[in-house]
Amino acid sequence: MTPAWRHLPRALRLETSSPRTPKTCPSLSRAFWRSVTKLGLHTKPRMPPCDFTPEKYQSMPYSRVLEVYREHLSPELAYFPEPLLLHQGHMQWLFDHKGNRYLDFFSGIVTVSVGHCHPKVNAVAQKQLGRLWHTSALFFHPPIHEYAEKLSALLPDPLKVIFLMNSGSEANDLAMLMARAHSKNTDIISFRIQAAAMPLNCCQAKDQYIEQFKDTLSTCVGKSIAGFFAEPIQGVNGFVQYPKGFLKEAFQLVRERGGVCIADEVQTGFGRLGSHFWGFQTHGVLPDIVTMAKGIGNGFPMAAVVTTPEIAKSLAKCVLHFNTFGGNPMACAIGSAVLETSRQPLPREEVSQIHEDCRQMGLIVGRGGLFSQTFRIAPSLCITKPEADFAVDVFRAAVTQHMERRAK
Ligand SMILES: Cc1ncc(COP(=O)(O)O)c(C=O)c1O
């Protein structure tokens, strides 16, 4: 007899450890199928292959997990009507207790920057685990010095003094303290969660943002302020970008009032933006203090504040900063491994094959980059929407073929 799953379209079969017995995720497939039917879309996305086999789930039964959650854990925090019980991760993939595979497009809230259980990071963590877990910042240990050298090399002068801690909230608290110690003022400005910018041209939008900013400066805070926190791109209400030039002008207004400018790079740092390693670089500004967390440790609790020697001195005059776990050997070893894991470009022959596959399907794209690894897409401006869709479909098909070749 044909197993039931064979009657399902391929895209609804979530593969398990054995590709011959794929399982479906019922809630996902029902919801997905309903929307596909409603929209009249009868082609389904096919999940790209993955050559990793998760372990069999052998922990607490799902029903007991739900009971413990209801009785003992903070109630608002679970996603999905049937909360997802995750069991294992491998690079960009997550596996639940039933063996269903998911493509993780949230990375543990913008945190797992180089992939779940990245082999290089894991190897370093395991080595350090067997050597030394914890001392405290009162004692020297090489991982902290190695890490400080690597991180400071990634920041422009004079951002060279590093304070290590365990979470983004701790980092922002310390940055606030530094701003107050240095400026000798109290008031701090930050953004509220912002909706996407209104449909104005960039200059008009920038002027309106600046008007509101000046309004806040003249009505809500004292004549002199301590500091201004800005994420280079607002990260929670969708990804909201500021109009071009806004941050540069806002930094100037803050400095005119005696305040320091703090870039919260908790979400945008460590290469997350692709084009630049730090988000502030995309605005052409130089902050006085930078706070970092999330991607810094790829999921290991770790955070940092980096500032100028001058601001660090102002802090030292006011308080002794000490943090029991901040900069511990495990975190520093992992942080170093994360910095050393930068992605390698695909070998030239593989890029050439994708390029050739596009041509065979009727699409011409260019190539560039140091290793000829970048596809340059620059059509004539007279193209139509169906033509752009065709190009995207061809490119997707070529990349899928590439992934399938790699998985063999
Ligand atoms: C931009 C930003 N800053 C700071 C934090 C606080 O970080 P943590 O949750 O590590 O305390 C977050 C957390 O989501 C964040 O998104």
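Given the structure is predicted, the values throughout are model-derived calculations rather than measurements.

Draft legend 1. Layout of the environment of A230. Along the polypeptide, A230 turns up in strand β6 (residues 227-230). Residue A230 is classed as buried on the basis of its relative accessible area of 2%. The sequence separation of A230 and S190 amounts to 40 residues, and the corresponding C-alpha distance is 6.3 Å. With residues up to four places along the chain from it excluded, the contact list for A230 reads F191, Y242, L247, I262, A263 and D264.

Draft legend 2. Structural view of the sheet that holds strand β1 (residues 86-90). As summarised here, the arrangement of the 3 strands in space is β1-β2-β3, forming an open sheet in which the pairing is antiparallel. Of all strands in the sheet, those with a lone pairing partner are β1 and β3 (101-103), marking the two edges. Across the sheet, the mean angle separating the axes of adjacent strands is 30 degrees when strand polarity is ignored. Taken together, the 4 bridges between β1 and strand β2 (residues 93-96) define a ladder with antiparallel strand orientation. Directly across from Q88, in β2, lies its bridge partner F95.

Draft legend 3. The arrangement of the sheet that holds strand β5 (residues 188-189) in detail. The strand order across the open sheet built from 6 strands is β4-β9-β8-β7-β6-β5, with neighbouring strands paired in mixed fashion. Each end of this open sheet is capped by a strand with a single partner; those strands are β4 (161-165) and β5. Both strand β8 (residues 289-292) and strand β9 (residues 303-307) contribute to a ladder of 4 bridges, which runs antiparallel. Looking at the pairing, T291 lines up with V305 of β9.

Draft legend 4. Seen up close, the site of the ligand. Surrounding the ligand, one finds S167, G168, S169, N172, E231, D264, V266, Q267 and K294. The fraction of the free accessible surface of the ligand (390 Å²) that becomes covered by protein chains is 69%. Considering every element that reaches the shell around the ligand, the biggest residue donor is helix α6 (residues 168-183), with 3 residues. By residue class, the composition of the shell around the ligand is 1 nonpolar, 5 polar and 3 charged.

Draft legend 5. How the structure looks around helix α10 (residues 329-340). A rise of 1.5 Å per residue sets the reference length of α10, with its 12 residues, at 16 Å; its end C-alpha atoms lie 17 Å apart and thus fit the reference within 8%. Inspection of α10 places P329, M330, A331, C332, A333, I334, G335, S336, A337, V338 and L339 among the buried residues, and these make up the whole buried set. Its buried side turned inward, α10 meets α4 (119-129), α5 (142-153) and β4. You can read the cap of α10 off the contacts: a side-chain oxygen lies 3.0 Å from the backbone nitrogen of M330, and it is on N328.

Draft legend 6. Main features of the confidence of the model for the protein. Considering every residue of the protein, the mean pLDDT works out to 88; 88% of them sit at 70 or more. Note that pLDDT drops below 50 for residues 1-27; the model gives that stretch 46 contacts with residues more than four away or on any other chain.

Draft legend 7. Looking closely at the pattern of salt bridges. Evaluation of the coordinates by the stated rule reveals 13 salt bridges. Between K150 and E340 there is a salt bridge, with its nearest N and O atoms 2.5 Å apart. Of this pair, K150 sits in helix α5 while E340 sits in helix α10, placing them 190 residues apart in sequence. For E340, a relative accessible area of 41% gives the class partly exposed. The partner of D357 in a salt bridge is R405, and the shortest N-O contact between them spans 3.1 Å.

Draft legend 8. Focus on the environment of N185. The topology assignment puts N185 in the loop between α6 and β5. As for N185 and G227, which are separated by 42 residues in sequence, their C-alpha atoms are 8.4 Å apart. Aside from chain neighbours lying at most four places away, what touches N185 is R180, S224, I225, A226, R257 and G258. One polar contact links the side chain of N185 to the main-chain carbonyl oxygen of I225, over a distance of 2.8 Å.

Draft legend 9. Quick peek at the nonpolar core. Within the largest apolar cluster, 37 residues are counted, with the highest numbers of intra-cluster contacts made by Y147, L151, F213, F228 and M292. If you list the elements that add at least two residues to this core, you get α5, α7 (202-219), β6, α8 (246-256), β7 (260-264), β8, β9 and α10. Not counting the four nearest positions on each side in its chain, F213 is found in contact with I189, F228, F246, A250, L253 and V254.

Draft legend 10. Molecular detail of a nonpolar patch on the surface. On the surface, a cluster of nonpolar side chains totalling about 600 Å² of accessible area is made up of Y79, F80, L84, L86, F106 and I109. Turning to its location among the elements, F80 is positioned in the loop between α2 (62-72) and β1. By relative accessible area, which is 54% here, F80 ends up exposed.

Draft legend 11. Representation of the packing of aromatic side chains within the structure. Here the structure, examined in full by the defined rule, presents 15 aromatic pairs. A centroid spacing of 5.9 Å and a plane angle of 65 degrees characterise the contact between Y79 and F80, whose relative ring orientation is edge-to-face. Given a relative accessible area of 55%, Y79 falls into the exposed group. Here F213 and F228 contribute two aromatic rings whose centre-to-centre distance is 4.9 Å and whose plane-to-plane angle is 65 degrees, an arrangement assigned as edge-to-face. On the criterion of sequence distance, the pair formed by F213 in helix α7 and F228 in strand β6 is long-range, its members being 15 residues apart. Per residue, the accessibility class of F213 equals that of F228, and both read buried. Pairwise contacts between aromatic rings join F191, Y209, F213, F228, Y242, F246 and F251 into one cluster. A cation over a ring is seen here: R101 above W93, with NZ or CZ 4.3 Å from the ring centre.

What counts as what
Residues numbered from 1 in each chain as written. Predicted model: local features only at pLDDT ≥ 70, side-chain atom pairs only at ≥ 80, totals over all residues. Heavy atoms only, no water. Helix = DSSP H or I, 4+ residues; strand = E, 2+ residues; numbered from the N terminus. Buried < 20%, exposed > 50% of the residue type's maximum accessible area, 1.4 Å probe, protein only. Contact = heavy atoms within 4.5 Å. Pairing = 2+ DSSP bridges. Axes fitted to C-alpha atoms, helices over the stretch in contact; angles between N-to-C directions. Near = heavy atom within 4 Å. Areas by Shrake-Rupley, 256 points an atom, 1.4 Å probe, with all protein chains shown as cover. Nonpolar A, V, L, I, M, F, W, Y, C, P; charged D, E, K, R; others polar. Expected span 1.5 Å × (residues − 1). Polar contact = N/O pair within 3.5 Å; in protein donor to acceptor, adjacent residues only side chain to side chain. pLDDT = per-residue confidence, 0-100. Salt bridge = Lys/Arg side-chain N within 4 Å of Asp/Glu carboxyl O. Core = buried A, V, L, I, M, F, W, Y, C linked by side-chain atoms within 4.5 Å. Patch = residues over 30% accessible without salt bridge, like charges linked within 9 Å, V, L, I, M, F, W, Y side chains within 5 Å. Phe/Tyr/Trp six-rings, centres within 6.5 Å; stacked < 30°, edge-to-face > 60°. Lys NZ or Arg CZ within 6 Å of the ring centre and 35° of its normal.

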